[in-house]
Every structure is written in C-alpha cells, then in structure tokens.
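Structural description and commentary
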Amino acid sequence: MTQKQRWAGVSVVLYVLFVIAAIWLNFLDPAKIGLEWTIFWHFTAAGGCFYFYFKNFTYRETVYYAKKLGLHKEDLVPLIPKLKANQDVPDPDHPGFLSPFAKVPFSVLNALTEQLEPKAKAQGIPPFR
C-alpha cells in the first residue's frame, strides 16, 4: 500500500467516523439545525479530511526526499529564504506521525519538494509513492 493510499484511507475512515457520530449522537439533525447547516457541516468535515490527507502526504513526501538525500533539519532551513518566525521546516531525523499542521505550512513543504525532487531524481532515488 502506498503512502497516498494509506493517508487517503485514514482520511476516509475519519470522515466515516464523523458521519457515524453525527447520526448516532444526532448533533447534525436537519430538524434541529436545518438542512443547509447539516450539508454545510458535512462538506466542512469532508474538506477537513481532505486537508488532513493532503497535508500529511505532502509532509511525508518532503521527509522522504530529505532522508534519502541525507539532509537534516539544519540543511533544509537555508533552502527556504523567507522563512517566517512562526514557520518551521520538517525534521527528517524525527518526523512526527502526523504532520505539524500549524508550524510547517504548505508553502514550505511545496518549496522544499520542488527543490529536493530533482536532486533525488538526479541521484537515482525512486519517486515517493
């Protein structure tokens, strides 16, 4: 099972658990809050699950390339020239199970992946799956 499939599966399970909890606990009952709000919260939960999937997949991809290239957190910081004080880069030596949602933004992950992926390809490292 690839990382993409794994994180997609986790996200789908989270959404299904949300729907089951909504039905079982009856907190999104259209009779109580209205059909529009019920639909809104279901779409919001689906969007949150998609964000969870995409953020964790992108985080894992960046960590994968950094590890394969033998880079550490100190090596990744100079690759992002405009790193703000409230932002951070992933730590390939100590990656968390879940990506740090607030500290490592998509802009940092995307910039790192754009730089690391060609280097990995040049060294014959297989693409992230």
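Just above, that's the structure.
A short tour of the structure in this document, coming up. (Residues numbered from 1 in each chain as written. Predicted model: local features only at pLDDT ≥ 70, side-chain atom pairs only at ≥ 80, totals over all residues. Heavy atoms only, no water.)

Looking only at helices and strands, the protein features five helices and zero strands. In sequence order, the protein lays out its α and β elements as α-α-α-α-α. A globule of 129 residues ought to have a C-alpha radius of gyration of about 14 Å, yet the protein, at 18 Å, is considerably larger. The principal-axis extents of the C-alpha atoms in the protein amount to approximately 60 × 35 × 20 Å. (Helix = DSSP H or I, 4+ residues; strand = E, 2+ residues; numbered from the N terminus. Rg over C-alpha atoms; globule rule 2.2 N^0.38 Å.)

Bringing the environment of T44 into the picture now. Structurally, the position occupied by T44 is in helix α3 (residues 35-68). One polar contact links the side chain of T44 to the main-chain carbonyl oxygen of F40, over a distance of 2.8 Å. (Polar contact = N/O pair within 3.5 Å; in protein donor to acceptor, adjacent residues only side chain to side chain.)

In terms of nonpolar packing, the biggest core is built from 16 residues, with Y65, L69, L71, L76, V89, L112 and L116 touching the most fellow members. Listed by contribution, the elements that provide at least two residues to this core are α3 and α5 (106-122). With near-sequence residues (within four places) excluded, L76 lies in contact with A66, L71, V89, P90, P92, L112 and L116. (Core = buried A, V, L, I, M, F, W, Y, C linked by side-chain atoms within 4.5 Å. Buried < 20%, exposed > 50% of the residue type's maximum accessible area, 1.4 Å probe, protein only. Contact = heavy atoms within 4.5 Å.)

Our next topic: the packing of α3 against α5. At a minimum axis distance of 9 Å, the contact between α3 and α5 shows a crossing angle of 40°. Considering their axes alone, α3 and α5 lie oblique with respect to each other. Once α3 is placed against α5, the crossing between them reads as left-handed. Here Y51, F54, K55, T58, Y59, E61, T62, Y65 and A66 of α3 lie close against α5, whose contacting residues are F106, L109, N110, L112, T113, L116, E117 and A120. Of the residues assigned to the contact of α3 with α5, the class counts are 10 nonpolar, four polar and three charged. (Axes fitted to C-alpha atoms, helices over the stretch in contact; angles between N-to-C directions. Parallel < 35°, antiparallel > 145°, perpendicular 65-115°, else oblique. Left-handed = near helix turned anticlockwise from the far one by under 90°. Nonpolar A, V, L, I, M, F, W, Y, C, P; charged D, E, K, R; others polar.)

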